[in-house]
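This is what each chain is made of:
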Amino acid sequence: MHPVLPLARLVSGAVTFLFSTIMVAQTYWGSNQLGGVYGNGSLFTVTESGTFTKKHDFFRYFGGDPKSDLLKASNGIYYGVTEADGTNGAGVLFSYDPTTQTYTVRFNFVPGTAEAGTAPIRGLVQAGNGLLYGLCRAGGANGLGTIFSYNPTTHAVVRLHSFSGANGSTPFSKLILGASNLTLWGTTQFGGASSNNGGVVFEYTIGASTPFQRRASFDAAAGNVTGRLPRTGLTRTTNGRMFGVTSGGGANGFGTVFEINTSTYAITVVRALTAADGSVPFGGLVESSTNVLHGTTTAQGANGSGTVFTVNATVTPATFTKVHDLTGTVASNIYSTMTKGTDGLLYGTSHFGGASSQGVIFSYNTSTNVLSPLASFQSVGLSESYGGVIQDGAVWYGLCSSGGPGTGGGLYRFTPATSTITSLLYFNASNGHNPQGRMLMGSNGRLYGTTLNGGVLGQGVIYSINPTNSAYTRMFDLGGTNGTFPQGYLVEVSGKLYGLCTDGGANAAGTIFEYDLNTNVFTKKKDLETANGSRPLAGFLVASNGSLYTTTSQGGANGLGTILRYVPSTNTLTKVHDFSSTTGGAPMSSLFQAGNGLLYGTTVRGGVVDAGTLYSFNTVSNTFTKLYDFDGLQGGAPAGDLIQATNGKLYGTCRDDGLYFNGCIFSWNITTGTYTEEYDMQLAEGALSEAKLVQGNDGRLYGTCVQGGTANEGTVFRFDPTTLAFTVLQNLAEATTGKWPADGLTREVAAVPSTDLLLDAKLFLEGPYVAAETRMTDGLRTLTGANGFPLTEPFTALGFTQAGGGGGETIAASVLTATGDNAIVDWVLVELRDKNNSSSIVRTRAALLQRDGNVVGLNGTSVVGINAPAGEYFVALRSRNHFGVMRSTVVTLNSSTATTLNF
């Protein structure tokens, strides 16, 4: 094997050889487990020259504890607010597009006297000018809350008014439109005239010279007649009357139902609530029929769980009637305002009741006074609903203030036809969190990976990122029986991704899954079990026999993990080895297939001093061989997958020990069986490397350290296996770049077009060529075992440059059964090179060579197709053990007619 094979050029029929090393600039992608803008990790690129670029910050659904109703604005988008969290911890204003299911934080509220306010509370209302208006219960010039506006076109938030105490304080309500669609009415929980501090009713006229007017103050605690502490807003009836509730005060101290005259601003108590009526109303009133209102209380009543009541505004004075006593196990403590559905029923949410007493969605029939629970929030892990629901066609939307994997509540959709709640997003959860395994460059030119956490269930996601524009896509949310917490990497076989989850599934031992890139269908293929191995920490290896191999870190006969073989075509899983304390155990890495056909791997435990082992595995005989016991002094706990460099040696990294106890880079000579500790990392250079190294076009090795560096948050490094020079390319820092890169780098390959250029080439290899027959011998295809014909292209493992989507091509075993002139002799590598610079490789494609010299595609018969734009190229053909050859002039290739080249 040659590290760089010399390349022949055809010039006027003569063959000359060029011995220069071919260099192609290369970019690598990596991931950080944590840090970045949102603290959830990041994706980055690094070039061989050391240029580092952060490409993506894993997003968090910022916001938490929403007590808001949703508003569907005139643009068809939903808007709401959260009381807490966001980038400043002061709440957010958000939008949600029900068509695209896109959540967007439109504004992060900021503490400070000059800001728009903090802790927005009950939701928004859209006025006649198209702007949305809301209230903050804190912040503003006096720290007592604000009125603000939001422009859904420009996304600008403007503070309109700061409450001062005398004009109200700490609003806990939602604004409503008055008689004019440019007039807003609301209440505050505290403040008011003199020292009453019982709250106010106010009016805000948009565009007026003096827009804010306090219209009434509730009684002081001593008077306690009109009620005090209104915690919800007002409701206008069809005949123009305005009603509300207070959560305290009144003649009995349980709150009141009141009417305010919109001309004289006099407050009239409709009902001073009694214990039998129910007490402490938090939810607002809804007009259930013309000039008749329905409302709820949160406590007392016959069962101590609150009540439903009506207010008849068809008469003067209005009258109050309790119509239903809530039951704790069914639905209790209703804090939300009910909404009238198109079917005439009222719909609402309860704070408690239902499964696990986490609250329910219910309907209420105003004719029969029957409350029917429809679905429990426990089914999606949510609880504590303060907001109501709004109808959108056949479904309803709403918010809960608590629960979910982010513990900040969530946004949900309710479908009455099936009585099901669907979580659409969980606040403070993420669209991916803690990316662990290295990325895969897919055959379609996109990068794919998994995150350990995040997603709808908080248990990991499959994602893709477009290397051209860095567009991130969350493709599938893992969790539950599908498998949870993936830590390894993905592989691609025939357009399908295969991966492993470390936990979850039917046996809580992890799963094997498949994701079809063409149909976007996820399929759980296997549930792992303790007896065969559990908790896989790495991904699969696609071996030359077409099977997938991986390791598990636990389970098996000795509890120290196993080697598993998985055959996708038959969905067959077989345990082929049990790790032990003597041979090595608890592997963090998967396997690597070297040029000799054997699989190689490492364990982090076991061996002579329990510092791990290095081993080989023969896929033909299923023979496991321990090759080396790590001793700690020269490195310990090797964690990353191995690679074979162009010098034929295997290289890997140790997490621990070595000269400075920060880990090391090591090599293994598979010919001589020699272990070499190549380099010991010092803390300033990096520590605890779990990376699989990748060899660059410059012959040097690139990798990552989880810790160490200037901030002790990880590094990206380069290592020269010839000179042993170690270079830190990037010191990682949590806030800016992200930190803790877990599993190394992935070579970026440019996205390729879907149309193949066609090449009909002919070539003879000198060794197998028989002059008398003008044919080559084909004995290699009939060999089996480690020295047999590989079913995966051999060039990548030998260090050949791959570009433009080349590398990793496989063939079916049936291709090797052809005889005669079409019998397969060996693999060849087709290179398309830049027409202006023949040393620059722009596309590669592995192909097959027949006895009669025809270079054919991977089905063994067709002409070769290469994904590349039509145009002029230098064309070269390379063999794994012969000199390569290249045309001396450029050739025009296209996708309609095969270009013939006879080498």
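Residues numbered from 1 in each chain as written. Predicted model: local features only at pLDDT ≥ 70, side-chain atom pairs only at ≥ 80, totals over all residues. Heavy atoms only, no water.

**So, the overall build of the protein chain**
The cut-off we apply is this: Helix and strand assignments come from DSSP, with helices taken as H or I runs of at least 4 residues and strands as E runs of at least 2, each series counted from the N terminus. Residues are treated as being in contact if the distance between any of their heavy atoms lies within 4.5 Å. Residue burial considers only the protein chains on display, and all accessible areas are found by Shrake-Rupley using a 1.4 Å probe. Positive: Lys, Arg. Negative: Asp, Glu. His and the chain ends are not part of the count. Every charge is mapped to an atom, namely NZ of Lys, CZ of Arg, CG of Asp or CD of Glu.
Summing up its helical and strand segments, the protein chain has zero helices and 73 strands in all. When its C-alpha atoms are laid out on the principal axes, the protein chain stretches across 115 × 60 × 50 Å. Within the protein chain, residue pairs in contact and separated by at least 24 positions form 47% of the contacts whose partners lie at least 6 positions apart. When the accessible surface of the protein chain is split by element, carbon and sulfur atoms take 49% of a total near 31,600 Å². A gap of 6 Å separates the mean positions of the 51 positive and 55 negative side-chain charges of the protein chain.

**Describing the sheet that holds strand β52 (residues 623-629)**
Counted only if it meets this: DSSP-based pairing: two strands are paired if at least 2 bridges between them are found.
An order of β49-β50-β51-β52 is seen for the four strands of this open sheet, with the pairing classed as antiparallel. Two strands close off the open sheet at either side, each with one partner strand: β49 (592-593) and β52. In this sheet, strand β50 (residues 599-602) lies alongside β49 in antiparallel orientation, the contact comprising two bridges. The partner of Gln 593 across the bridge, within β50, is Leu 599.

**Comments concerning the side chain of Asp 219**
Heads up, the rule is: Relative accessibility thresholds used throughout: buried, under 20% of the residue-type maximum; exposed, over 50%; partly exposed, between the two (1.4 Å probe, protein chains only). Each salt bridge in this description consists of a side-chain nitrogen of Lys or Arg and a carboxyl oxygen of Asp or Glu lying within 4 Å of one another. N or O atoms within 3.5 Å of each other form a polar contact, as long as, within protein, one can give a hydrogen and the other can take it, and as long as residues adjacent in sequence are counted only when both atoms are side-chain atoms.
Turning to its location among the elements, Asp 219 is positioned in the loop between β17 (212-217) and β18 (235-236). Summary of buried charges: Asp 219 has no salt-bridge partner, and the nearest side chain of opposite charge, Arg 228, is 7.9 Å away. Reaching out from Asp 219, the side chain makes a polar contact with the backbone nitrogen of Val 225 at a distance of 2.9 Å. Engagement of the side chain of Asp 219 in a polar contact is seen with the backbone nitrogen of Thr 226, the distance being 2.7 Å. Excluding anything up to four places from it in sequence, Asp 219 contacts Asn 196, Gly 198, Asn 224, Val 225, Thr 226, Gly 227 and Arg 228.

**A look at the pattern of salt bridges**
Two side chains carrying opposite charge are able to pair once their charged atoms lie near each other. In this structure the tally under the stated criterion is 29 salt bridges. Residues Asp 778 and Arg 781 are paired through a salt bridge, measuring 2.7 Å at the closest nitrogen-oxygen approach. Considered together, Asp 778 and Arg 781 belong to a single accessibility category, that of buried residues. Residues joined by salt bridges that share partners form a network here, namely Asp 65, Lys 67, Glu 83 and Arg 137.

**Quick notes on unusual backbone geometry**
Residue Thr 316 is joined to Pro 317 through a cis peptide bond whose omega torsion reads -5 degrees. Tracing the sequence through the fold places Pro 317 in the loop between β24 (307-312) and β25 (319-325). The phi angle at Trp 740 is positive, at roughly 65 degrees, despite the residue not being glycine. Mapped onto the elements of the fold, Trp 740 is located in the loop between β61 (726-731) and β62 (746-747).

**Focus: the packing of aromatic side chains**
Heads up, the rule is: Stacked, tilted and edge-to-face pairs are distinguished by plane angle, under 30 degrees for stacked and over 60 for edge-to-face with tilted covering the rest, among Phe, Tyr and Trp rings (Trp via its six-membered ring) whose centres lie within 6.5 Å.
A full pass over the atoms with the stated rule returns 42 aromatic pairs. A ring pair is formed by Tyr 679 and Phe 726, whose centres lie 4.8 Å apart and whose planes are at 0 degrees; its orientation type is stacked. With Tyr 679 in strand β57 (residues 674-680) and Phe 726 in strand β61, this pair connects stretches of sequence that are 47 residues apart. Here Phe 726 falls in the buried class, since its relative accessible area comes to 12%.

**Brief notes about the state of the cysteines**
Selection criterion: Throughout, disulfides are identified as pairs of cysteine sulfur atoms within 2.5 Å of each other.
Tallying each qualifying case throughout the model produces zero disulfides. Between Cys 705, a cysteine without a disulfide, and Cys 664, which holds the nearest cysteine sulfur, the sulfur-to-sulfur distance is 11 Å.

**Structural notes on the sheet that holds strand β12 (residues 146-150)**
Backbone hydrogen bonds hold the strands of a sheet together, and the pairing may be parallel or antiparallel. Stated precisely, the cut-off is as follows: Fitted lines through C-alpha atoms serve as axes, helices being fitted only where they are in contact, and the angles separating the N-to-C directions of these axes extend from 0 to 180 degrees.
With antiparallel pairing, four strands are arranged side by side in an open sheet as β10-β11-β12-β13. The sheet is open, and its two edges are formed by β10 (118-126) and β13 (157-162), each paired on a single side. Within the sheet, the average angular offset between the axes of one strand and its neighbour, ignoring direction, is 25 degrees.

**Describing the side chain of Thr 583**
As for its placement among the helices and strands, Thr 583 is situated in the loop between β48 (572-578) and β49. Polar side-chain contacts of Thr 583 include one of 2.9 Å to the side chain of Ser 580.

**Quick notes on the pairing of β24**
Taken across its six residues, β24 has five buried, putting it largely inside the fold. Judged from the five bridges that link them, strand β23 (residues 292-296) and β24 form a sheet pairing that is antiparallel. Residue pairing for β24: Leu 293 is matched across the bridge by Val 311. Relative to β25, β24 runs antiparallel, the two being bridged by six bridges. Across the sheet, residue Val 308 finds its bridge partner in β25, namely His 324. The antiparallel pairing of β24 with β25 creates a hairpin that spans six residues between the two strands.

**Let's talk about the environment of Leu 765**
In this fold, Leu 765 is placed in the loop between β63 (756-762) and β64 (769-770). The class of Leu 765 is buried, set by a relative accessible area of 6%. Separated by 11 residues in the primary sequence, Leu 765 and Met 776 place their C-alpha atoms 7.5 Å from one another.

**What to know about the nonpolar core**
A general feature of soluble globular proteins is that nonpolar side chains tend to end up buried together. What counts here: In plain words, nonpolar cores are sets of buried Ala, Val, Leu, Ile, Met, Phe, Trp, Tyr and Cys residues tied together by side-chain atoms within 4.5 Å.
Within the largest apolar cluster, 24 residues are counted, with the highest numbers of intra-cluster contacts made by Leu 763 and Val 855. Elements with a contribution of two residues or more to this core: β63, β66 (824-834), β67 (837-850), β69 (864-867), β70 (871-878) and β72 (891-893). Sorting elements by how many residues they give to this core places β66 first, with four residues. If sequence neighbours within four positions are ignored, Leu 763 has contacts with Met 776, Val 828, Leu 849, Gly 853, Val 855, Leu 877, Val 885 and Phe 903.

Without other data, these values stay purely geometric and don't point to any function.
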